[in-house]
Amino acid sequence: MKKILLRFLVLLMFFSHDGFSQEIQEDGTTTTIEAYLDSAGKNLDRMNIDVAHKQLVQALKLSQDLGHKQFIAQTSGLLAQMYFVQHDYQKAEKEFLRAIKMQDNIEDRLGKANSLVNFSKLNNVKQDFEEANENLDEAEEIYEDLGDSENLGIVALNRAVVVLNSTKNLGRALHLLEKSEKLLSGGSNYYEQSRVYYYFARTFMHTQDLKRAEEAALKAIQIAEKYHYPSMQMSSNLMLSQILEEKGNFKASLIYLKESNSIRNTIFNLNQQAMALDANTRYGVDLLKNQMNVINEINREQERTLQFNKLTTILSVALITILSLLTLSLYKNNHLRARANSLLQKKNAELLLAKENAEKASLAKAQFLSTITHELRTPLYAVTGLTHLLLEESPTPNQKEHLNSLKFSGEYLLSLINNILDLNKLEAKKVETMDTSFNLKKRINDVLIALNKSGEDKGNKIHHEFDEAIPKRIKGDPLIISQILINLIGNAIKFTENGDIWIRVKLAKKTPDHVFLRFEVEDNGEGISKEKQNSIFENFTQGSMQINRKFGGTGLGLSIVKNLLDLLHSEIHLESDLGKGALFYFQLTLGYIDVPEKKKAKLESEVILSNEIMHHKRILIVEDNKINQMITRKILEKHKVICDVADNGSIAVEKVQNNKYDLVLMDIHMPGISGIEATIEIRKFNNNIPIIALTAVTLDDNLDQFYLNGFNDIIPKPYKVEEFFQKINNYLVKI
């Protein structure tokens, strides 16, 4: 009887210490997450992408289970850096914005500053230099408040990179690099120290101070080799090779070039091994041992004190009584529980079957859309390409009229394909909203620039009215707002000929935390009848059959607008009379940031590349479709390009190995080896030739594999000829 009582009391003591045990467990999990994040950051610097990704997935799961917002935000920031390294800039931007938003909400100023600095690197790559400087300004203010001199050095370094890429002000760049070198010296951030000397070398090379450039490049290599940063080793060796070539030391230049290429191959062929045992397992075992030691100590103490306790008999009787009542209760309810469990198992089986069927249907739908998109875009490329060629061959007025009709039909079909894909994403709830700061006026200007030519083609004048009382920095989702305006303005252009279109943004109300903005898109085109206004926002719906026949269109643009505004907790309104134009308007409640007026350094205007760059350049076209071969070749040869053709990936690999080309246009789906496999083979012996994917596949979920396997860029078919030439010229100009 005494032994039973002792066990009962031990159990009571054990459960009374449950809170203490949980606290120990939480501390252990926190330590595990910190270890994962620290290791993942180091692996990213060392280009161990697969290992870093697995560690970040584990850290994110543990952080979410723990509800630790600071760790979740930190994980998002590191994921953004990983996507940035992989050239998946869209995913990187989403993760940066998510991290900054969370860090702002929990007032993690240091974490937010780190995310802003890394986000500025993405701005720099995308040539959004104004945004990059604004992010660096905000980070610099935080670091100055915290007295963090080392991170101020990193800010100075990234500001120098922005200057080199935008204004080419070498004196300003050198001043910032010297400031960065001074602030980083003596610290432990050896990766950034290596970057400082790399950009010193680059700047000195521009000033033709080749001696100091060589010294700086050697320092960058020394640090990168000592602390195992392969990406910096590769870049610094390539820079030193270029410096030595400029000095005329071709033999040494070749040695460093080979070293750079060797490191590049090592990075591409990193052995992706599974991670070692989960650190959390070790922590869990240690915690369990500690917990059992505490319990054993409690047991020994209770046994000593209860040996002489006269209440043993009374407590034993109470324990037996309680156990008897519990046994009786369990016995009475056992049959009922068995029946309930049987019913639950049956229902669970039915739910699992329904879930599997739904997932199969969703997968089939996604596969169908992917397949049909490729199959439609391939012949559509032939239609648009041949139309472009024929329009350039001085057709008769009658022929030109027919060709313009053909061009319109091709653009209509492409618009239908893209709208169906967008609507499918919205209905599948795959669109996430962001809450980040951005320049609303600049966003709207970008949209108008993109649509200006379409408006001019129909003889329309676009008027833009923007309330200057609106704060410069708005907090919201810039991507969704841009897509809403593109659809509304595009709709106005489509149904207006030789008319006027007004885009207005007005400040309706302003509070200390929010602004209430009214957006209007008005035209004096065809208008919409009253009876059709209630159904105009449904899928595949237009004002009337006559309007559909006259203007075309998919009838999906306004449905997409309605779904996007639902995500932003708003709705679209319409005022219109048939024949008198239409006014679409909606209101958004957005946060804002008061930005003090500062004098911004004016960036040099973007260089517009001439198509003369293509003259006499050698381009290999890898394409199995004979019609597409002919179209691409004729478009290029009109600009004096020397073209060669490969019918499949195997021939392409052989031609690149035996001939000198300035650029390769690579199709993806081909007989034999695919375009991706062919690119992997080419990168084994040639890492310098630009390879652009010219493909009709859907890119939304496949961008990472293109960049990771050696492609420099992607042009989806069918394309606009101006964008096609611009992307090609961007790489030919570097030759």
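Please refer to the structure higher up on the page.
**Some words on the pairing of strand E4 (residues 500-510)**
Where strand E2 (residues 461-466) meets E4, 6 bridges bridge the pair, whose relative direction is parallel. Bridge pairing in E4 links His463 to Trp502. Across 9 bridges, E4 lies against strand E5 (residues 514-523) in antiparallel orientation. Among the inter-strand pairings, Lys506 is bridged to a residue of E5, identified as Arg518.

**A few points about helix H10 (residues 190-206)**
When the terminal C-alpha atoms of H10 are compared, their 25 Å separation across 17 residues agrees well with the 24 Å that a helix rising 1.5 Å per residue should span. Taking burial as the measure, the 17 residues of H10 include 14 buried ones, the bulk of the element. Downstream of H10 by one or two residues, Gln208 has phi in the positive range, about 65 degrees.

**Structural notes on the sheet that holds strand E9 (residues 642-646)**
Pairing is parallel in the open sheet, where 5 strands are placed in the order E9-E8-E10-E11-E12. Looking at which strands have only one partner, the edges of the open sheet turn out to be E9 and strand E12 (713-716). Geometrically, the sheet is characterised by an average inter-axis angle of 20 degrees between neighbouring strands, direction not taken into account. In this sheet, strand E11 (residues 691-695) lies alongside strand E10 (residues 663-666) in parallel orientation, the contact comprising 3 bridges. Looking at the pairing, Met666 lines up with Ala693 of E11. Contacts from helix H21 (residues 626-637) reach strand E8 (618-622), E9, E10 and E11, with the element oriented near 165 degrees to E9. Contacting E10 and E11, helix H23 (residues 675-683) crosses the sheet at an angle of about 155 degrees to E10.

**Some details on the packing of helix H3 (residues 49-66) against helix H4 (residues 69-85)**
Look at H3 against H4: their axes get within 9 Å of each other, and the N-to-C directions meet at 160 degrees. One way to sum up the angle between H3 and H4 is to call them roughly antiparallel. Handedness of the H3/H4 crossing: left-handed. The residues of H4 that touch H3, namely those facing Ile49, His53, Leu56, Ala59, Leu60, Ser63 and Gln64, are Phe71, Ile72, Thr75, Leu78, Leu79, Met82 and Val85.

**Thoughts on empty space enclosed by the protein**
Using the criterion set out here, one finds 2 cavities of 30 Å³ or more in the structure. Approximately 40 Å³ is the volume attributed to the largest cavity. Around the largest cavity sit 10 residues that line it, and Ile621, Glu623, Thr632, Leu694 and Lys717 are the ones nearest its centre. Taken together, the elements giving at least two residues each to the lining of the largest cavity come down to E8 and H21. Classifying every residue of the lining of the largest cavity gives 5 nonpolar, 2 polar and 3 charged. There is about 30 Å³ of room inside the second largest cavity. Taken together, Glu130, Glu131, Glu134, Asn439, Lys442 and Arg473 make up the full set of residues lining the second largest cavity. The element contributing the most residues to the lining of the second largest cavity is helix H7 (residues 129-146), with 3 residues.

Conventions and cut-offs
- Throughout this description, residue numbers start from 1 for each chain and increase along the sequence as written.
- Local features in this predicted model are restricted to residues whose pLDDT is 70 or higher, and side-chain atom pairs enter the listing and the counts only when it is 80 or higher, whereas totals over whole chains, interfaces and linings include all residues.
- The basis for the side-chain values is all heavy atoms of the structure; hydrogens and waters are excluded.
- Here, strands pair whenever DSSP counts at least two bridges between them.
- Put simply, DSSP marks the helices as runs of H or I at least four residues long and the strands as runs of E at least two long, and each gets a number from the N terminus on.
- One less than the residue count of a helix, multiplied by 1.5 Å, gives the span that helix is expected to have.
- For every residue, the accessible area (1.4 Å probe, protein chains only) is compared with the maximum for its type, and the residue is labelled buried under 20%, exposed over 50%, or partly exposed between those bounds.
- Fitting a line to C-alpha atoms yields each axis, with helices limited to the stretch in contact; the angle taken between N-to-C directions then spans 0 to 180 degrees.
- The contact criterion used throughout is that any non-hydrogen atoms of two residues lie within 4.5 Å.
- Here is the rule for angles: anything less than 35 degrees is roughly parallel, anything more than 145 is roughly antiparallel, 65 through 115 is roughly perpendicular, and the remaining ranges are oblique.
- In a left-handed crossing the near helix is turned counterclockwise from the far helix by less than a right angle, and in a right-handed crossing that turn is clockwise.
- Here a cavity denotes a set of grid points, spaced 1 Å apart and computed over the protein atoms alone, in which a 1.4 Å probe fits but from which it cannot get out, and a pocket denotes an open set meeting protein on both sides within 12 Å along at least five of seven lines; residues with an atom within 4 Å of a point are reported as lining.
- Grid points are joined across faces, edges and corners, and a volume is the space filled by probe spheres set on the points.
- Following the grouping adopted for this structure description, the nonpolar residues are Ala, Val, Leu, Ile, Met, Phe, Trp, Tyr, Cys and Pro, the charged ones are Asp, Glu, Lys and Arg, and the polar ones are all others, Gly among them.

Purely geometric numbers; function is a separate question.
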